[in-house]
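Next come the chains, spelled out residue by residue.
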Amino acid sequence: MASRHRHQLRQYLDTHKNRKSSPEASSPGSSSRSSRAVDYLSRRKVPTKIVGRASINDLPDEILLKIFGYLDAQGLLTAGQICQRWKALANDNFLWNKICERFAAIPTVSRQQQQQQQEARGERLPASHWKKMCLKKCEEERNKRAFKLLGKVNPYSGIPKNAEKAIKSAGISFQLSMVDRQGKENPLYSRDIFYHCMCLSVRWYDLQVLPLKEICNVKIFSCNPLFFMSDGRPYSNSPYQRSLLMSFDLKWEDYKRTAAPIGADDMVDLYSLPQGLLVAVWKADSELAFVSVGLHLNGLLQKCLKGNPTEIYTVPAHKIRPDDIDSKYGLHDYSCTIEFRTMRQSIWHYQFRNLYCKADKMGPGFAEFPIIRRDVPSDHAMLPKKLNFPWKTEAFKGTVENGIWLDVTVMDEKKEIFWHKSSAVKITSQMMQSNLNFEFTNQEIFHITCADDKGKIYMEMSQNDQKEFFIIVLDLMLSLVAVNDWFGTKYS
């Protein structure tokens, strides 16, 4: 077989040599086609005799290209990850030419003109030229459509009015990747996505998950599809880009020894991890039940569409606007929006405005902004629903009574978001003595604390005879380091 292929190649080269001086061979198109054929045949690997059982690796390139022609874009991208030979074939310009015409809206005439210009300069198109052009064009169109939908900023929340619509138009979903001790990623794809006033909630659960003791790192990615139908919906098998949104190392046994659950019921314990991640663990076997996260909508679309799989996209830094006239610059006219919610529903949300810090409220490292005062009954706020945290997986569901999800957004006097936080929090209680109508009685007081290095929310609640919650104390504390960095001040 090998000698027959060599004989055919020799015959073709001799024929081409004899036709080289003919008038037909002098035309530019004929010359370019002949040169490409000679170049291909001269580089073509002559098949060798197959000994033993044949495999797909024994197929010549022509046959593999024919097979790859039946694959869609996602199939070609997957095939290109098998080996170097398949990568070169899956990137072939002939295959991606058809995909460009269907998804990237690059006219056939434009592609032909570009190829002719390259040939006129004696150059050849790179092997993956049309693949790169197709993916780049689809990415640009998707981003242009999504960012155009954002619209103006909502003065109530400081978030673009159409943030939810823009994220949905881009077809964004979310992936939880748990990295084991061997460095292998074990992905879970989001089961639920719920949108709220300031955040969106994402939940992952599956019957087959990595054991907690095997997890070394946790990452959250956005999955951003590239190919869309005429009605704006992404194709179910569309290739997608990943953008890293969150990453942190996790040693579960060490974490469990130092952290207590924020809530529990008969079946699960809830743990609040860094960056707003909530992990539910089965009480029966101490393995993973589900994972949930609250992602603040502020800058989320930019992080999804402008990020990459290895680095979290950094939103442009805030520009400091110094003020030499206002002696209390950065300590007044804040607004704070707070929302209690479950994964699906809002329980209570309210915005407190015109917050300021008095001189006697400047503590060590923090500026305190009283919002609801214990001794001013008119400040107290009643919650319309009971605070609890419902959950579910594929097989079970339940309700944790002593946990709730809390979203906080703080805006400065120029309506720019200064601090935001989304996290599951624990509701603790203790008996305190109170003076009511000159009679001392014991009253159960419930406490909630939510904090990071930039700010802190502290809350106290009480219950009446109907078991309705009333917020009797609400304090906002902001780090003076964060205030100085934001406003260019020098408070201490």
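What you see is a predicted model; the values in this text were computed from it and never measured. (Residues numbered from 1 in each chain as written. Predicted model: local features only at pLDDT ≥ 70, side-chain atom pairs only at ≥ 80, totals over all residues. Heavy atoms only, no water.)

### As for the overall build of the chain
Working step 1: Scanning the chain from terminus to terminus reveals 12 helices and 22 strands.
Working step 2: Counting every position in the chain, which comprises 492 residues, the buried fraction comes to 42%.
Working step 3: Long-range contacts, defined here as pairs at least 24 residues apart, represent 58% of the contacts in the chain between residues at least 6 apart.
Working step 4: Accessible surface, the chain as shown: approximately 27700 Å² in total, 52% of it carbon and sulfur. (Helix = DSSP H or I, 4+ residues; strand = E, 2+ residues; numbered from the N terminus. Buried < 20%, exposed > 50% of the residue type's maximum accessible area, 1.4 Å probe, protein only. Contact = heavy atoms within 4.5 Å. Areas by Shrake-Rupley, 256 points an atom, 1.4 Å probe, with all protein chains shown as cover.)

### Some remarks on the confidence of the model for the chain
Working step 1: Overall, the prediction assigns the chain a mean pLDDT of 84, with 84% of residues at 70 or greater.
Working step 2: Across residues 19–42, where pLDDT falls below 50, the model places 16 contacts with residues more than four positions away in sequence or in other chains. (pLDDT = per-residue confidence, 0-100.)

### Observations regarding helix 8 (residues 129–149)
Working step 1: Across its 21 residues, helix 8 extends 31 Å between first and last C-alpha, which sits within 8% of the 30 Å expected from 1.5 Å per residue.
Working step 2: Considered for burial, the residues of helix 8 that qualify are H129, W130, K131, C134, L135, C138, R142, N143 and A146.
Working step 3: After helix 8 finishes, the residue G151 shows a positive phi value of roughly 75°. (Expected span 1.5 Å × (residues − 1).)

### Topic: unusual backbone geometry
Working step 1: Even without being glycine, S286 reaches a positive phi, approximately 60°.
Working step 2: Positive phi is not limited to glycine here, since N354 has a value of about 55°.
Working step 3: Within the fold, N354 resides in strand 12 (residues 346–355).
Working step 4: Taking the relative accessible area as the measure of exposure, N354 reaches 57% and is therefore exposed.

### Looking at the environment of L125
Working step 1: Checked against the element boundaries, L125 lands in the loop between helix 7 (108–120) and helix 8.
Working step 2: With 32 residues separating them in the primary sequence, L125 and N93 have C-alpha atoms 8.3 Å apart.

### Thoughts on the nonpolar core
Working step 1: Ranked by internal contacts, the top residues of the largest apolar core, which has 45 residues, are F174, L200, W204, W252, L273 and L295.
Working step 2: Excluding residues that lie within four positions of it along the chain, F174 makes contacts with L188, Y189, S190, I193, L200, V202, W204, F221, S222, L245, L295 and C304.
Working step 3: Of all hydrophobic cores here, the second largest spans 43 residues; its members include Y329, L387, F418 and F446. (Core = buried A, V, L, I, M, F, W, Y, C linked by side-chain atoms within 4.5 Å.)

### Considering the packing of aromatic side chains
Working step 1: As enumerated under the stated definition, the model contains 21 aromatic pairs in all.
Working step 2: Consider the rings of W348 and F352, whose centres lie 6.5 Å apart with planes at 50°: the pair is tilted. You'll find W348 and F352 in the same group, each marked buried.
Working step 3: Among the aromatic residues, those joined into a ring-pair cluster are Y329, Y334, F369, F418, W486 and F487.
Working step 4: Against the face of F228 rests R145, its NZ or CZ located 4.5 Å from the ring centre.
Working step 5: The aromatic ring of F147 is capped on one face by K306, whose charged end is 5.3 Å from the ring centroid. (Phe/Tyr/Trp six-rings, centres within 6.5 Å; stacked < 30°, edge-to-face > 60°. Lys NZ or Arg CZ within 6 Å of the ring centre and 35° of its normal.)

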